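Structural features, examined
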Amino acid sequence: MQGFDIASLAFDERGLIPAIAQDRDGTVLMLAWMNAESLAETLASGSVTYWSRSRGEFWRKGATSGHVQKLVELRIDCDRDCLLLIVDQTGPACHTNRRSCFYTGLRDGAEAILSEPLE
């Protein structure tokens, strides 16, 4: 087994890489962005930290909501340009208070809401 070098990843021109969060039960929770620093912080702390493109700052998942993500395993795709974060999710992952951000499906050519917000 070889050591991991964050610089070996293929970040885009903004220095970002997409990161898909998946609960250890297999549910795809969300997609967000990371840069080298947020990934390093995630690996060091075990608490998932993203880069907020809209706010231009680090975003530790759950810092304000309490809906934290703890890193279980990091996986890197074959092109090294996308990350899969296997996480333990506390509470909903989506800001709409749903378990997953992927709650809208296409059914018979129309959009359908597949899950309601959690209580």
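These numbers were taken from a predicted model, which means no experiment stands behind them.

Below, the discussion takes up the overall build of the chain. Check the secondary structure of the chain and you find one helix and eight strands. Moving toward the C terminus, one meets the helices and strands of the chain in the order β-β-α-β-β-β-β-β-β. For the chain, whose C-alpha radius of gyration is 15 Å, the value lies close to the compact-globule estimate of 14 Å for 119 residues. Taking the principal axes of its C-alpha atoms as reference, the chain extends roughly 45 × 30 × 30 Å.

The next subject is the nonpolar core. By size, the foremost hydrophobic cluster in this structure holds 16 residues, and its most contacted members are Met30, Met34, Tyr50, Leu83 and Leu85. Listed by contribution, the elements that provide at least two residues to this core are β1 (17-23), β2 (28-34) and β6 (83-89). By residue number, the principal contributor to this core is β2, which donates four residues. Not counting residues up to four positions away in its chain, the partners in contact with methionine 30 are Ala19, Ile20, Ala21, Tyr50, Trp59, Lys61, Gln69, Ala93, Cys101 and Phe102.

Let's shift gears to the environment of lysine 61. Here lysine 61 shows up in the loop between β4 (57-60) and β5 (69-76). Separated by twelve residues in sequence, lysine 61 and glutamate 73 have C-alpha atoms that sit 16 Å apart. Not counting chain neighbours up to four residues away, the residues in contact with lysine 61 comprise Met30, Val48, Tyr50, His67, Val68, Gln69, Gln89 and Ala93.

What follows concerns the sheet that holds β1. Sheet strands pair via backbone hydrogen bonds, and the direction of the pair is either parallel or antiparallel. Taken in spatial order, the four strands line up as β2-β1-β6-β5 in an open sheet, and their pairing is mixed. Strand pairing shows two members of the sheet lacking a second neighbour, β2 and β5, which therefore form its edges. Between one strand and the next, the sheet's axes are offset by a mean angle of 30°, whatever the strand orientation. Sheet topology note: the β5/β6 ladder contains seven bridges and is antiparallel. The residue bridging isoleucine 76 from the neighbouring strand is leucine 83, located in β6. Most of the contacts of helix α1 (residues 36-45) go to β5, to which it runs at about 120°, and overall it touches β2, β5 and β6.

A contiguous nonpolar patch, built from Phe4, Leu43 and Ile76 and spanning about 230 Å² of accessible area, is present on the exposed surface. Considering the arrangement of structural elements, one finds phenylalanine 4 in the segment before β1.

Every buried residue of α1 is listed here: Ser38, Leu39 and Thr42. Projected down its long axis, α1 carries its buried residues within an arc of 100°, all on one side. Turned more than 90 degrees away from the buried face of α1, the exposed residues are Glu37 and Ala44. At its buried positions, α1 is contacted by β2, β3 (49-52), β4, β5 and β6. A side-chain oxygen of the first residue of α1 lies 3.2 Å from the backbone nitrogen of glutamate 37; this N-cap is asparagine 35.

What counts, and where the lines are drawn
- Residues numbered from 1 in each chain as written.
- Predicted model: local features only at pLDDT ≥ 70, side-chain atom pairs only at ≥ 80, totals over all residues.
- Heavy atoms only, no water.
- Helix = DSSP H or I, 4+ residues; strand = E, 2+ residues; numbered from the N terminus.
- Rg over C-alpha atoms; globule rule 2.2 N^0.38 Å.
- Core = buried A, V, L, I, M, F, W, Y, C linked by side-chain atoms within 4.5 Å.
- Buried < 20%, exposed > 50% of the residue type's maximum accessible area, 1.4 Å probe, protein only.
- Contact = heavy atoms within 4.5 Å.
- Pairing = 2+ DSSP bridges.
- Axes fitted to C-alpha atoms, helices over the stretch in contact; angles between N-to-C directions.
- Patch = residues over 30% accessible without salt bridge, like charges linked within 9 Å, V, L, I, M, F, W, Y side chains within 5 Å.
- Areas by Shrake-Rupley, 256 points an atom, 1.4 Å probe, with all protein chains shown as cover.
- Salt bridge = Lys/Arg side-chain N within 4 Å of Asp/Glu carboxyl O.
- Arc of directions from axis to C-beta.
- Polar contact = N/O pair within 3.5 Å; in protein donor to acceptor, adjacent residues only side chain to side chain.

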